[in-house]
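# Chains, contacts and geometry: an overview
Residues per chain are reported as follows:
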Amino acid sequence: MNDIDAWVWWLVGAAALGIPLVVTAMPEFGMLAVGAVVAAIAAGLGFGTVVQVLAFLAVSVALIAVVRPIAARHSRQSPRLATGIDALKGRQALVLERVDGAGGRIKLAGETWSARALDPDRSYEPGAEVDVVEIEGATAIVI
């Protein structure tokens, strides 16, 4: 065991920390792995065990203290670019077949969609422009 350099052990530790990172998707393991790589660099440069452990601790704690709150804040934010059906809400559509509370057809974003009026007592004739307020399955709810 003594004939293997300390930097190799730090890299083995970094790889070992990378396994639970991939399996559990917990970024903290990645931050600890980066700390182990920094400690391996310190060992490779000839620093002693105390400096290696301090480098590992300092980098790991700094990453967890700084990067983790930033990542958590970003994960709670909704995406800025609406995609899928969220991108269709609020868009205008052209009525192709009469739309009422029972159904009808509209042209929305270049595609033909089934549609239903939000107000069941209201109807829209072909050629009218309507606003999409919701998408339920494959049906656009319009006003």
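Residues numbered from 1 in each chain as written. Predicted model: local features only at pLDDT ≥ 70, side-chain atom pairs only at ≥ 80, totals over all residues. Heavy atoms only, no water.

### As for helix α3 (residues 49-76)
For clarity, the threshold we go by: The way it works is that DSSP assigns letters per residue, a run of H or I at least four long becomes a helix, a run of E at least two long becomes a strand, and they are numbered from the N terminus. Expected helix span is taken as 1.5 Å per residue step, with the number of steps being one fewer than the number of residues. Whether two residues are in contact is decided by their heavy atoms, any of which lying within 4.5 Å being enough.
Over its 28 residues, α3 runs 40 Å from end to end, which matches the ideal 40 Å to within 8%, given 1.5 Å per residue. Contacts from the buried residues of α3 go to α1 (6-24) and α2 (27-44).

### Observations regarding α2
Convention followed: Accessible area is worked out with a 1.4 Å probe on protein chains only. A residue is then buried under 20% of its type maximum, exposed over 50%, and partly exposed in between.
Its 18 residues give α2 an end-to-end C-alpha distance of 26 Å, which sits within 8% of 26 Å, the value for a rise of 1.5 Å per residue. Every buried residue of α2 is accounted for by Glu28, Gly30, Met31, Ala33, Gly35, Ala36, Ala39, Ala40, Ala42 and Ala43. Of the surrounding elements, those touching the buried residues of α2 are α1 and α3. Where α2 ends, the next residue or the one after it, glycine 46, has phi of about 95 degrees, a positive value.

### Observations concerning the sheet that holds strand β2 (residues 105-108)
Strand-to-strand pairing in sheets goes through backbone hydrogen bonds, with the strands running parallel or antiparallel. What counts, and what does not: For two strands to count as paired, DSSP must find a minimum of two bridges between them. Working convention: axes come from line fits to C-alpha atoms, limited for helices to the stretch in contact. Angles between N-to-C directions cover 0 to 180 degrees.
Taken in spatial order, the five strands close into a barrel running β1-β2-β3-β5-β4, and their pairing is mixed. If you compare each strand with its neighbour and ignore which way they point, the axes differ by 55 degrees on average. Pairing of strand β4 (residues 129-136) with strand β5 (residues 139-142), which is carried by four bridges, proceeds in the antiparallel orientation. Following the sheet pairing, glutamate 136 is matched in β5 by threonine 139.

### Brief notes about a nonpolar patch on the surface
The condition is simple: To count toward a patch, a residue needs a relative accessible area above 30% and no salt bridge. Like charges then connect within 9 Å, nonpolar side chains (Val, Leu, Ile, Met, Phe, Trp, Tyr) within 5 Å. For every accessible area listed, the method is Shrake-Rupley and the probe measures 1.4 Å; residues are considered covered only by the protein chains on display. Any carboxyl oxygen of Asp or Glu that lies within 4 Å of a side-chain nitrogen of Lys or Arg is treated as forming a salt bridge with it.
A cluster of nonpolar side chains, Trp7, Leu11, Val37, Ile41, Leu45, Phe47 and Val51, forms an exposed patch at the surface whose accessible area comes to about 630 Å². Of all the elements in the fold, those that place two or more residues in the nonpolar patch are α1 and α2. If you trace the backbone, leucine 45 turns up in the loop between α2 and α3.

### Concerning the confidence of the model for the protein chain
To keep things clear, this is the line we draw: The quantity called pLDDT is the predictor's confidence in a given residue, expressed from 0 to 100.
Summarising the model, the protein chain shows a mean pLDDT of 92, and 98% of its residues fall at 70 or more. Mean pLDDT across the secondary structure elements of the protein chain bottoms out at α3, with 92, and peaks at strand β1 (residues 92-97), with 97.

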